[in-house]
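Structural characterization, general
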Amino acid sequence: MEKKTPTHDISWYIKWVATIAVIFGAVCNSFEIVPYNYFIMMIGIALWLVVGLLWFDRALIVLNTAMLVIYLSGFMFHFSYR
């Protein structure tokens, strides 16, 4: 099977940092480690958004823009009721 995505360019490094951040953010979500879960997920999602922009991949851009808005809204909601 032939690889379609670039390797060892800037997007390759960003996507792996983003992937690790999203996995770690999911762990924080699972164990309700608040507010770190918001920060970590938003970093991972923002980095994946950058990758989507670098690749001109509309699906990644739309998905990660929506997820960033959702997590930012959750973050603001969490602190507005404290």
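Here the structure is shown first, and the text comes after it.
A brief look at the structure comes next. As the structure is a computational prediction, the values presented were derived from the model and not from experiment. (Residues numbered from 1 in each chain as written. Predicted model: local features only at pLDDT ≥ 70, side-chain atom pairs only at ≥ 80, totals over all residues. Heavy atoms only, no water.)

**Notes on a nonpolar patch on the surface**
There is a patch of nonpolar side chains on the surface, built from Ile23, Phe24, Val27, Phe31, Ile33, Tyr36 and Phe39 and spanning about 730 Å² of accessible area. Listed by contribution, the elements that provide at least two residues to the nonpolar patch are helix H1 (10-30) and helix H2 (36-55). Among the elements that take part in the nonpolar patch, H1 stands out by supplying 3 residues, more than any other. By the element assignment, Tyr36 lies in helix H2. Residue Tyr36 is classed as exposed on the basis of its relative accessible area of 52%. (Patch = residues over 30% accessible without salt bridge, like charges linked within 9 Å, V, L, I, M, F, W, Y side chains within 5 Å. Areas by Shrake-Rupley, 256 points an atom, 1.4 Å probe, with all protein chains shown as cover. Salt bridge = Lys/Arg side-chain N within 4 Å of Asp/Glu carboxyl O. Helix = DSSP H or I, 4+ residues; strand = E, 2+ residues; numbered from the N terminus. Buried < 20%, exposed > 50% of the residue type's maximum accessible area, 1.4 Å probe, protein only.)

**So, the nonpolar core**
In terms of nonpolar packing, the biggest core is built from 6 residues, these being Tyr38, Met41, Met42, Ile45, Tyr71 and Phe75. When residues of this core are traced back to their parent elements, those giving at least two are H2 and helix H3 (58-80). It is H2 that provides the largest number of residues to this core, a total of 4 residues. Excluding residues that lie within four positions of it along the chain, Met42 makes contacts with Leu68, Tyr71, Leu72 and Phe75. Listed in part, the 5 residues of the second largest apolar core include Ile14, Ala18, Trp48 and Leu60. (Core = buried A, V, L, I, M, F, W, Y, C linked by side-chain atoms within 4.5 Å. Contact = heavy atoms within 4.5 Å.)

**Comments concerning the side chain of Ser11**
Note that Ser11 resides in helix H1. Looking at Ser11, its side chain comes within polar contact range of the side chain of Asp9, at 2.9 Å. With residues near it in sequence (within four places) discarded, Ser11 still touches Pro6, Val51, Leu54 and Trp55. (Polar contact = N/O pair within 3.5 Å; in protein donor to acceptor, adjacent residues only side chain to side chain.)

**Description of unusual backbone geometry**
Among all residues save glycine, negative phi is the norm, and among peptide bonds the norm is trans. With an omega of 5°, the peptide bond running from Val34 to Pro35 counts as cis. The backbone of His8 sits at a positive phi, close to 60°, despite the residue not being glycine. Mapped onto the elements of the fold, His8 is located in the segment before H1. The exposed category is assigned to His8, whose relative accessible area is 54%. Even without a glycine there, the phi angle at Phe56 is positive, about 55°. By the element assignment, Phe56 lies in the loop between H2 and H3.

**Brief notes about the packing of aromatic side chains**
In the structure shown here, the tally under the stated rule is 5 aromatic pairs. Considering the side-chain rings of Tyr38 and Tyr71, the 6.5 Å spacing of their centres and the 70° angle between planes classify their relative orientation as edge-to-face. Residue Tyr38 is found in helix H2, and its partner Tyr71 is found in helix H3; the two are separated by 33 residues along the sequence. Take Tyr38 and Tyr71: they sit in the same class, and that class is buried. On the basis of an interplanar angle of 65° and a centroid distance of 4.9 Å, the ring pair of Phe75 and Phe79 is categorised as edge-to-face. Pair noted here: Phe75 and Phe79 are both in helix H3, with a separation of 4 residues, about one helical turn. Taken together, the aromatic side chains of Tyr38, Phe39, Tyr71, Phe75 and Phe79 make up a single cluster linked through ring pairs. (Phe/Tyr/Trp six-rings, centres within 6.5 Å; stacked < 30°, edge-to-face > 60°.)

The analysis is restricted to geometry; functional conclusions fall outside its scope.
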